[in-house]
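Report on the structure
Chain by chain, the residues:
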Amino acid sequence: MSFDHVWVNANLATMRDDALGVIEDGAIAARDGRIAWVGPRAGLPAHSGAVTDSKGAWILPGLIDCHTHLVFGGNRSAEFEARLAGASYEEIARSGGGILSTMRATRAADEEALVQAALPRLDALLREGVTTVEIKSGYGLELDAELKQLRAARSLGLEREVTIITSLLAAHALPPEFAGRREDYVRLVAEQIIPRAASEGLADAVDAFCESIAFTPEETALVFASAKRHGLPVKLHADQLTDCGGAGLAASFGALSADHMERSNPAGIAAMAAAGTVAVLLPGATLTLREKHFPDIAAMRESGCRMALSTDMNPGSSPALSLLLMLNLGCTLFRLTVPEALLGVTRHAAAALGLVDRGVLAEGMRCDLALYAIERPAELCYWLGGNPCVGRVVAGIAA
Ligand code: DI6
Ligand code: FE
């Protein structure tokens, strides 16, 4: 049999079943960027092609960070200090800081400056074995600046060996020039920004922030209806600070995911499970905001709602540059099991992005791999910091 590349002397966490789908002393082979064979080394057919001795490393599907706001201007470390001195996230947002302060810095930066600022952040994720990253707009809040952010995100995918998936998040905050004219901004998003992002192929999905300090469920529904008209799937920042019924709303639109969900109610969670909408858990935001309300993991387990885990990398509520750290926080704060956490950055993260070609090690899938020098998969959740990643493979090629 002819393969382009074979990895041997590895333990595999294929993520094919809910117990990690472990294959000890396994082998995995790539052809034309896809997995052509995977199984116990003893069963590997006679083959030609390059062979890598993985030296006993564990191989997982390349990790997927399915919710980031990685492209932005400036940073908000001064706000971090203000919060240490007692200000709340909502107070800062309502007084014109927060998302709007990043909006000003993002509008002021040109596309290339946004790319250069984002690259070190992206590199931090990649070093840990991430091979797919979702990036949202939402700091432009006007047509040109939203498109600029999406173009910068697309460029990152050309600068590095990684798949970038983009989401248009123009409904992230009300820009100041629309104060008192909410309907006009929602109309701009629905009638101009979404159609342009769609026609230029810049957005893979549409996201919205449904929240007391952002957009109402009714406004969100107008945004989602436009997304559907333009053939784009939707996802939602739901129930982070208040229960706005975001989980149920996301389910009713057949959203790919509802994210945050700190205050989602069990009926909304059950509706998501029935609709196949993935719950994306963001413990970096929980930690940063010292949030005491945790997502209802028990209701998610009971209803069979799939859970993903992500950094929510953003300059305000989650300046998180490590997906491995999120594995730890998901377990420590939310009490996820190790398999739940690892499924959350592989198979279920793929589902949260509507990607059916990755997230598990199986024949026909993209050959995106992450190699780790660990003795047991649980170590990926156990270490608090550090980085055991010793290899990254993108579409069958060591990256
Ligand atoms: N929820 C978040 O976690 C980010 N956006 C959102 O809707 C935070 C964005 C920021 O504070 O800059
Ligand atoms: Fe977010």
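Residues numbered from 1 in each chain as written. Chains lettered and ligands numbered in written order. Predicted model: local features only at pLDDT ≥ 70, side-chain atom pairs only at ≥ 80, totals over all residues. Heavy atoms only, no water.

**Some points on the packing of aromatic side chains**
According to the stated counting rule, one finds six aromatic pairs in the structure shown. Ring geometry for Phe-72 against Tyr-139: centres 6.3 Å apart, planes inclined by 75°, an arrangement best described as edge-to-face. With Phe-72 in the loop between strand E6 (63–65) and helix H1 (77–84) and Tyr-139 in the loop between strand E7 (130–136) and helix H5 (143–159), the pair connects residues that are 67 residues apart, well separated along the chain. We note that Phe-72, like Tyr-139, is buried. Put simply, the rings of Phe-178, Tyr-185 and Phe-215 touch in pairs and so form one group of aromatic residues. (Phe/Tyr/Trp six-rings, centres within 6.5 Å; stacked < 30°, edge-to-face > 60°. Helix = DSSP H or I, 4+ residues; strand = E, 2+ residues; numbered from the N terminus. Buried < 20%, exposed > 50% of the residue type's maximum accessible area, 1.4 Å probe, protein only.)

**Describing the domain arrangement of the protein chain**
What the domain assignment lists for the protein chain is domain 1 (2–61 + 360–398) and domain 2 (63–352). Measuring from the centre of the C-alpha atoms in domain 1 to the corresponding centre in domain 2 gives 30 Å. Contacts between the two partners involve 28 residues from domain 1, matched on the other side by 23 residues from domain 2. Overall, the association of domain 1 and domain 2 removes approximately 1,900 Å² of surface from exposure, summing both partners, and the carbon and sulfur fraction of that is 61%. The largest per-residue losses of area from domain 1 upon contact with domain 2 belong to Met-15, Cys-381 and Arg-392, which jointly make up 30% of the total buried on that side. A salt bridge links Arg-347 to Asp-18, with the shortest nitrogen-to-oxygen separation between them at 3.0 Å. Summed over the shared surface of domain 1 and domain 2, the number is 11 residue pairs in polar contact (both at pLDDT 80 or more). Elements supplying a minimum of two residues to the side of domain 1 that touches domain 2: strand E5 (58–61), strand E14 (369–372), helix H15 (379–382) and strand E15 (389–394). Here the side of domain 1 that touches domain 2 is built from residues that sort into 19 nonpolar, three polar and six charged. (Domains from an automatic or database assignment. Contact = heavy atoms within 4.5 Å. Buried area = accessible area lost by both parts, 1.4 Å probe. Salt bridge = Lys/Arg side-chain N within 4 Å of Asp/Glu carboxyl O. Polar contact = N/O pair within 3.5 Å; in protein donor to acceptor, adjacent residues only side chain to side chain. Nonpolar A, V, L, I, M, F, W, Y, C, P; charged D, E, K, R; others polar.)

**Some thoughts on the pairing of strand E9 (residues 205–210)**
Of all six residues in E9, six are buried, a share of seventy percent or more. Bridging between strand E8 (residues 163–171) and E9 involves three bridges; their strand directions are parallel. From the neighbouring strand, Ser-167 faces E9, where its bridge partner is Ala-205. The β-α-β motif built from E8, the intervening helix H6 (residues 182–199) and the parallel element E9 has right-handed crossover chirality. Pairing of E9 with strand E10 (residues 234–238), which is carried by five bridges, proceeds in the parallel orientation. From the neighbouring strand, Cys-210 faces E10, where its bridge partner is Ala-238. For the handedness criterion, the β-α-β arrangement of E9, helix H7 (residues 217–229) and E10 is classed as right-handed. (Pairing = 2+ DSSP bridges. Right-handed = clockwise from strand over helix to strand, strands pointing away.)

**A closer look at the pattern of salt bridges**
Under the defined criterion, the tally for this structure stands at 18 salt bridges. In this structure, the salt-bridge partner of Asp-25 is Arg-41, at a minimum N-O distance of 3.3 Å. With Asp-25 in strand E2 (residues 22–31) and Arg-41 in the loop between strand E3 (34–40) and strand E4 (48–53), this pair connects stretches of sequence that are 16 residues apart. For Arg-196, the salt bridge is made with Glu-200, and the minimal N-O distance between the two is 2.7 Å. The class of Arg-196 is partly exposed, set by a relative accessible area of 35%. Taking relative accessible area as the criterion, Glu-200 reaches 38% and is therefore assigned partly exposed. Connected via shared salt-bridge partners are Arg-107, Glu-142 and Glu-177.

**A word on the side chain of Lys-148**
Of note, Lys-148 is situated in helix H5. Looking at Lys-148, its side chain comes within polar contact range of the main-chain oxygen of Thr-106, at 3.0 Å. When residues no more than four places from it in sequence are discounted, the contact partners of Lys-148 are Thr-106, Arg-107, Ala-109, Asp-110, Glu-111 and Leu-114.

**Quick notes on empty space enclosed by the protein**
Considering all chains together, one arrives at two cavities of 30 Å³ or more under this definition. Space inside the largest cavity adds up to approximately 100 Å³. Of the residues that constitute the lining of the largest cavity, the class distribution is four nonpolar, eight polar and two charged. Size it by volume and the second largest cavity reaches roughly 50 Å³. Contributing to the lining of the second largest cavity are Leu-324, Glu-379, Leu-380, Trp-383, Gly-385, Gly-386, Asn-387 and Pro-388. (1 Å grid on protein atoms, 1.4 Å probe; cavity = no way out; pocket = protein on both sides within 12 Å on 5 of 7 lines; lining within 4 Å. Points joined across faces, edges and corners; volume = space filled by probe spheres on them.)

**Some details on the coordination of the iron ion (ligand 2)**
Within the first shell, the iron ion (ligand 2) binds the protein through His-67 (NE2), His-69 (NE2), His-237 (NE2) and Asp-312 (OD), at distances of 2.1 to 2.2 Å. Because the angles between the four donor atoms bound to the iron ion (ligand 2) fall within 80 to 164°, the donor set is best described as irregular. Counting residues between consecutive donors of the iron ion (ligand 2) along the chain gives the motif H-x1-H-x167-H-x74-D. In this structure His-67 comes out as buried when scored by relative accessible area, which is 0%. When its relative accessible area of 3% is taken as the criterion, His-69 is described as buried. (Donors = N, O, S within 2.8 Å, 3.2 Å for Na, K, Ca; no water. Tetrahedral: all angles 85-135°; square planar, octahedral: opposite > 155°, others 65-115°.)

**Notes on the site of ligand 1**
Not every one of the 14 residues close to ligand 1 is listed here, only the nearest: Arg-76, Tyr-89, Tyr-139, His-172 and Asp-312. In this structure, an oxygen atom belonging to ligand 1 sits 2.8 Å away from a side-chain N or O atom of Arg-76. Contact with the protein chains hides 100% of the accessible area of ligand 1, taken as 320 Å² for the molecule alone. Applying the majority rule of atoms within 2 Å of the grid points places ligand 1 in the largest cavity. Partitioned by chemical class, the residues of the shell around ligand 1 number four nonpolar, eight polar and two charged. (Near = heavy atom within 4 Å. Areas by Shrake-Rupley, 256 points an atom, 1.4 Å probe, with all protein chains shown as cover. Sits in = over half its atoms within 2 Å of the grid points.)

**What about the environment of Asp-32?**
Considering the arrangement of structural elements, one finds Asp-32 in the loop between E2 and E3. The sequence separation of Asp-32 and Ala-378 amounts to 346 residues, and the corresponding C-alpha distance is 32 Å.

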